[in-house]
Amino acid sequence: MKFTISRDALLKPLNLVAGVVERRQTLPILANVLLVLEGDHLSLTGTDLEVELVGRVQLAGAGDSGEVTVPARKLVDICKSLPEGSNIDFTVQDNRVTVKSGRSRFTLSTLPAREFPNVEDSMGTHQFTVKQGQLRRLIDRTGFAMAQQDVRYYLNGMLWEIRDKHLRVVATDGHRLAMCTLPGKIDASDDVQVILPRKGVLELARLLLEDDADIAIVIGSNHIRATTEHFTFTSKLVDGKFPDYQRVLPRSPDKVVLGSRLELRQAFTRTAILSNEKYRGVRLKLTPNTLDIVANNPEQEEAEEAVAVDYDGDTLEVGFNVSYLLDVLGVLSGDQVKLSLSDPNSSALLEESDADDSLYVVMPMRL
């Protein structure tokens, strides 16, 4: 196997593929990236057995075809350290890879390509195509609400639901819920619900670089596959039952507050400074046209903010984790935000006042 490639053409796909490779792996081969050359088509594959990513690069000229696996991190570091615009010559001989560029020469150990694990290639039951920008918006709007290391493993991921030809994604950690629906219908046959693992969601988001380019999604019984012009991403699905998120959505909250997203975000950020570092609680006091935000901590320090809002209902006092509110205000983009409440023990519903594709639910805190 022998080929020449420009450093810059190799570095971008190599970086993304190496991102999937686990640093603490049980099998030595999982620390490697698989290089397969067929004529002038080079593919790079990385996997941790849960997630697999294949990047494709077109070479300027054909090389000697073959396949080999090399240490992913070392190859990335070598490519990064070489000067921009340089060419790299790869040669495989006697189970070693020689990487040459200019006056630099590196010899890397290899492992047999036949030992490289293949994430199963099953037929999908649901297929559809969306724009990368649309899919990234769904993930950006909801990903922050995924649990990190919850024993309820199905919460450490994101629900993808196709219902009535609409794609909706939902994430929750039990304290807050984020939901975003793709505007417009997709061309999918029947309804389905699957859970993508957290790592799969994060790796997929890194690939969505071209807003207007298409990405083809195939959902199978235990895998999801996403294909763009340059990458094929495959992830196992989480085997579990996602909670019924419809039951969490507040039913007819009667107290509706409209306020400036920027003003509220700044006020929450300032009051958060003096909130309890562990529980991050703030108290919201609603009176006609004013929202008072109060935070205090065990050192008897206190912060107070008054924000002018559009509200004409009864007075209400309710506590929330300020970090959860700030997370939502951080992903919304409209000028105005709509906050719907019913009583001190009920969840708050947050949404943009003009766009209606995203919904957020935050559970109250007892303060």
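Notes on the structure in this doc start here. (Residues numbered from 1 in each chain as written. Predicted model: local features only at pLDDT ≥ 70, side-chain atom pairs only at ≥ 80, totals over all residues. Heavy atoms only, no water.)

Strands sit in the order β1-β6-β7-β8 across an open sheet of 4 strands; the sheet is antiparallel. The open sheet has two free edges, formed respectively by β1 (2–6) and β8 (104–109), since each of these has just one partner strand. Neighbour-to-neighbour, the strand axes of this sheet turn through a mean angle of 20°, independent of strand direction. Where strand β6 (residues 87–93) and strand β7 (residues 96–101) come together, 5 bridges link them in antiparallel fashion. From the neighbouring strand, phenylalanine 90 faces β7, where its bridge partner is valine 99. Each of β6, β7 and β8 touches helix α2 (residues 72–81); the most contacted strand, β8, lies at about 175° to it. (Pairing = 2+ DSSP bridges. Helix = DSSP H or I, 4+ residues; strand = E, 2+ residues; numbered from the N terminus. Axes fitted to C-alpha atoms, helices over the stretch in contact; angles between N-to-C directions. Contact = heavy atoms within 4.5 Å.)

Following both chains from N to C, one finds helix α3 (residues 132–142) and helix α4 (residues 198–207) inclined at 145°, their axes separated by 10 Å at the closest point. The element α3 and its partner α4 pack so that their crossing is left-handed. On α4, the residues touching Gln132, Leu135, Arg136 and Ile139 of α3 are Val201, Leu204, Ala205 and Leu207. Across the contact of α3 with α4, the residue classes break down as 6 nonpolar, 1 polar and 1 charged. (Left-handed = near helix turned anticlockwise from the far one by under 90°. Nonpolar A, V, L, I, M, F, W, Y, C, P; charged D, E, K, R; others polar.)

Spatial strand order, β20-β19-β18-β21: 4 strands in an open sheet with antiparallel pairing. Each having just a single partner strand, β20 (302–308) and β21 (316–321) make up the two edges of the open sheet. With direction set aside, neighbouring strand axes in the sheet form an average angle of 20°. Alignment of strand β19 (residues 290–296) against β20, held across 7 bridges, turns out to be antiparallel. Following the sheet pairing, isoleucine 293 is matched in β20 by glutamate 305. Strands β18 (281–287), β19 and β20 of the sheet are contacted by helix α5 (residues 261–272), whose axis makes an angle of about 170° with β20. Against the sheet, helix α6 (residues 322–331) makes contact with β18 and β21, and its axis sits at roughly 85° relative to β21, the strand it touches most.

Quick look at helix α1 (residues 7–20) now. Under the 1.5 Å per step criterion, the end-to-end length of α1 is 20 Å for 14 residues, consistent within 8% with the ideal 20 Å. Along α1, the sharpest kink reaches roughly 25°, centred on leucine 14. Among all positions of α1, only Arg7, Leu10, Leu11, Pro13, Leu14, Leu16, Val17, Ala18 and Val20 are buried. (Expected span 1.5 Å × (residues − 1). Bend = angle between axes of the 7 residues up to and from the residue. Buried < 20%, exposed > 50% of the residue type's maximum accessible area, 1.4 Å probe, protein only.)

Applying the stated criterion across every chain, the model contains 3 aromatic pairs. Between phenylalanine 144 and tyrosine 360 the ring centres are 6.0 Å apart and the planes differ by 25°, which places this aromatic pair in the stacked class. Separated by 216 residues along the polypeptide, phenylalanine 144 in the loop between α3 and β10 (157–163) and tyrosine 360 in strand β24 (residues 358–362) bring together distant segments of the chain. Classification of phenylalanine 144 by relative accessible area gives partly exposed; the value is 22%. On the basis of an interplanar angle of 70° and a centroid distance of 5.8 Å, the ring pair of tyrosine 153 and tyrosine 154 is categorised as edge-to-face. (Phe/Tyr/Trp six-rings, centres within 6.5 Å; stacked < 30°, edge-to-face > 60°.)

Attention now goes to the pattern of salt bridges. Inspection of every chain in the model, using the stated rule, returns 17 salt bridges. In this structure, the salt-bridge partner of arginine 136 is aspartate 211, at a minimum N-O distance of 3.2 Å. Remark: aspartate 211 occurs in the loop between α4 and β14 (214–219) and arginine 136 occurs in helix α3; sequence separation between them is 75 residues. For arginine 136, a relative accessible area of 25% gives the class partly exposed. Taking the shortest distance from any N to any O, the salt bridge between aspartate 357 and arginine 137 comes out at 2.9 Å. In this pair, aspartate 357 sits in the loop between β23 (348–352) and β24 while arginine 137 sits in helix α3, placing the two residues 220 residues apart along the sequence. With relative accessibility at 12%, the residue aspartate 357 sits in the buried group. (Salt bridge = Lys/Arg side-chain N within 4 Å of Asp/Glu carboxyl O.)

A word on unusual backbone geometry. The backbone of leucine 49 sits at a positive phi, close to 80°, despite the residue not being glycine. Within the element layout of this structure, leucine 49 appears in the loop between β3 (41–47) and β4 (51–58). Unusually for a residue other than glycine, asparagine 95 sits at a positive phi of about 60°. As for its position among the elements, asparagine 95 is in the loop between β6 and β7.

The next point concerns the environment of leucine 135. Here leucine 135 shows up in helix α3. Taking relative accessible area as the criterion, leucine 135 reaches 1% and is therefore assigned buried. Discounting chain neighbours no more than four positions away, the residues touching leucine 135 are Val130, Trp160, Leu204, Leu208, Ile215 and Ile217.

A word on the packing of α1 against α2. Relative to each other, α1 and α2 sit at 150°, their axes nearing to 10 Å. Between α1 and α2 lies a crossing whose hand is left-handed. Contacts between α1 and α2 involve Arg7, Leu10, Leu11, Leu14, Asn15, Ala18 and Gly19 from the former and Ala72, Arg73, Leu75, Val76, Cys79 and Lys80 from the latter. Tallied by class, residues from the contact of α1 with α2 come to 8 nonpolar, 2 polar and 3 charged.

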